[in-house]
Structures are given as C-alpha cells and as structure tokens.
Amino acid sequence: MDYMEYLSSNSEVIQCKVENALEKYRAEPVGDGYIDIITDFQFVEGFILELTSIGIAINRVTWWCHCYNEKKGCPHGMGGPQSQYNEGWYSELGNDIDVIEISQSSYELLEQEVSLDRVKAINETILNGLIKYSKSERFRDCDTPALWLHVPDEWKRLNTMK
Ligand SMILES: [Zn+2]
C-alpha cells in the first residue's frame, strides 16, 4: 500500500489525530485544508514530532510575519488572518526566505510504500532546516513558519472535534 492510499483508507482516525495535534500545539491552518499551518516557533518542534508519530510527512514550509509590534517594521509581508491564539495577525511573506527543499524522490519513495522511517527522515530534515534558519543572522523575531502537510487533496478540516 502506498502512503496516500494508507491515509485515504484510514482518513477518519488519522484526521482526528491531526486535529488534536493542531489544537495541542496551537497550530493555525489558514484555509480549510491542511496547508499553510502557521505554527509558533516554540511549538513547532513538538508539532512536527507528533506529525511523525501519526505518520504524516510535511511537504513544504512557507513563512509569515507575526505582526504584533509595528515598531519592529512589521508587517513585512502582504495581508493575512488574525491569530486565533496570539496577539496580532499574520502577514504572508514572499519567497525571500529560503524554503527548505526536500527532494522529489523522497516523496516518490513514499508513493511506493508507506514507511514511517521515510516520513521521519523527511520531517527531521524540515525541523533541522527550521532550527538552522532560526539561528541564522537573517532570522527576524516575527518570522513564523507554516507547514504544509502531505495529505490527500480532498482532506478538509473536520468541523466537529471531540
Ligand atoms: Zn515582521
């Protein structure tokens, strides 16, 4: 069974786990799916580790300015949503921040067979890239990552949570 088939055939159980993780780590998806999940740096490591344990790979990272203090030059980006958990709002940044690249072949391997080790390797690469960027001199206080989950296109947020 390949990765996407595995997720689709267990979607109810797995989506519930993802929803619980979103709440636990105060991660805020911008739309009605599982892309652009804005996650505070203090929670991002826990969130990624939990995604790994659920068996969900991350497929890209984009960046948002967490705009809560205009004295620091914010907003750096375009418009965006109010934060559900934090003071202020998020402003979408362009591609001026290095995206963490995962080779397409890593995802092609997932398409051959579900493998927790492969999911773990992808997510560790993402996490290491985030940590590295957060320690670089280009990092700004307001830079906030948003994770895109590698899940079936038809997955939408669950409306009812228990
Ligand atoms: Zn900013």
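Let me sum up the structure you'll find in this document. The structure displayed is predicted, hence computed values, not measured ones.

A word on the nonpolar core
Counting residues in hydrophobic clusters, the biggest one holds 34 residues, and the most contacted among them are Ile 37, Phe 47, Ile 56, Ile 58, Trp 64 and Ala 146. Sequence-distant contacts of Trp 64, defined by excluding residues within four places in its chain, comprise Ile 38, Gly 77, Gly 80, Tyr 90, Ser 91, Glu 92, Leu 93, Thr 144 and Ala 146.

A closer look at the environment of Tyr 3
With respect to the secondary-structure elements, Tyr 3 resides in helix H1 (residues 3-9). The spatial distance from the C-alpha of Tyr 3 to the C-alpha of Leu 110 is 5.5 Å, given a sequence separation of 107 residues. Once residues lying within four places of it in the same chain are set aside, the contact partners of Tyr 3 are Leu 110, Glu 111 and Val 114.

Notes on the sheet that holds strand E4 (residues 89-92)
The strand order across the open sheet built from 5 strands is E1-E2-E5-E3-E4, with neighbouring strands paired in antiparallel fashion. Across the chains shown, the open sheet's two edge strands, defined by having one partner strand only, are strand E1 (28-29) and E4. As judged from the 2 bridges shared by strand E2 (residues 37-38) and strand E5 (residues 143-149), these two strands associate in the antiparallel manner. The residue bridging Ile 37 from the neighbouring strand is Leu 147, located in E5.

Quick look at unusual backbone geometry
Of note, the amide linkage connecting Cys 74 to Pro 75 takes the cis form, showing an omega dihedral of 0°. Structurally, Pro 75 can be placed in the loop between strand E3 (58-67) and E4. A positive phi is found at Arg 26, a non-glycine position, where the angle reads about 50°. Residue position: Arg 26 is located in the loop between helix H2 (11-24) and E1. Taking the C-beta count within 10 Å as the criterion, Arg 26 has 16 such neighbours and is therefore assigned partly exposed. In this structure, Asp 36 is a non-glycine residue whose phi angle is positive, near 55°. Tracing the sequence through the fold places Asp 36 in the loop between E1 and E2. Here Asp 36 falls in the buried class, since 21 other C-beta atoms lie within 10 Å of it.

Digging into helix H5 (residues 116-134)
Relative to the 27 Å expected for 19 residues at 1.5 Å per residue, H5 spans 27 Å between its end C-alpha atoms, a close match to the ideal helical length. For H5, the set of buried residues is Val 119, Ile 122, Asn 123 and Ile 126. The buried residues of H5 all sit within an arc of 90° when viewed along its axis, so they share a single face. Of the residues in H5, the exposed ones pointing more than 90 degrees away from the buried face are Asp 117, Asn 128 and Lys 132. As for H5, its buried residues are in contact with helix H3 (41-54), E3 and helix H4 (104-112).

Quick look at the packing of H2 against H3
The geometry of H2 relative to H3 is characterised by a closest axis approach of 10 Å and an angle of 170° between their N-to-C directions. In terms of orientation, H2 lies roughly antiparallel with respect to H3. Along the contact surface, H2 presents Ile 14, Lys 17, Val 18 and Ala 21, while H3 presents Phe 47, Glu 50, Leu 51 and Ile 54. Across the contact of H2 with H3, the residue classes tally to 6 nonpolar, no polar and 2 charged.

As for the environment of Glu 5
With respect to the helices and strands, the residue Glu 5 is situated in helix H1. The exposed category is assigned to Glu 5, around which 12 C-beta atoms lie within 10 Å. It is 9.5 Å that separates the C-alpha atoms of Glu 5 and Glu 113, two residues lying 108 residues apart in sequence.

Regarding the packing of H3 against H5
Here H3 crosses H5 at 170°, and the two axes come no closer than 9 Å. Between H3 and H5, the angle falls in the class roughly antiparallel. Taking contact as the criterion, the partners of Phe 41, Val 44, Glu 45, Ile 48, Leu 51 and Thr 52 in H3 are, on H5, Val 119, Lys 120, Asn 123, Ile 126, Leu 127, Leu 130 and Ser 134. By residue class, the composition of the contact of H3 with H5 is 8 nonpolar, 3 polar and 2 charged.

Quick notes on the rules
Residues numbered from 1 in each chain as written. Predicted model: local features only at pLDDT ≥ 70, side-chain atom pairs only at ≥ 80, totals over all residues. Core = buried A, V, L, I, M, F, W, Y, C linked by C-beta atoms within 7 Å. Buried ≥ 20, exposed ≤ 12 C-beta atoms within 10 Å, placed from the backbone. Contact = placed C-beta atoms within 7 Å. Helix = DSSP H or I, 4+ residues; strand = E, 2+ residues; numbered from the N terminus. Pairing = 2+ DSSP bridges. Expected span 1.5 Å × (residues − 1). Arc of directions from axis to C-beta. Axes fitted to C-alpha atoms, helices over the stretch in contact; angles between N-to-C directions. Parallel < 35°, antiparallel > 145°, perpendicular 65-115°, else oblique. Nonpolar A, V, L, I, M, F, W, Y, C, P; charged D, E, K, R; others polar.

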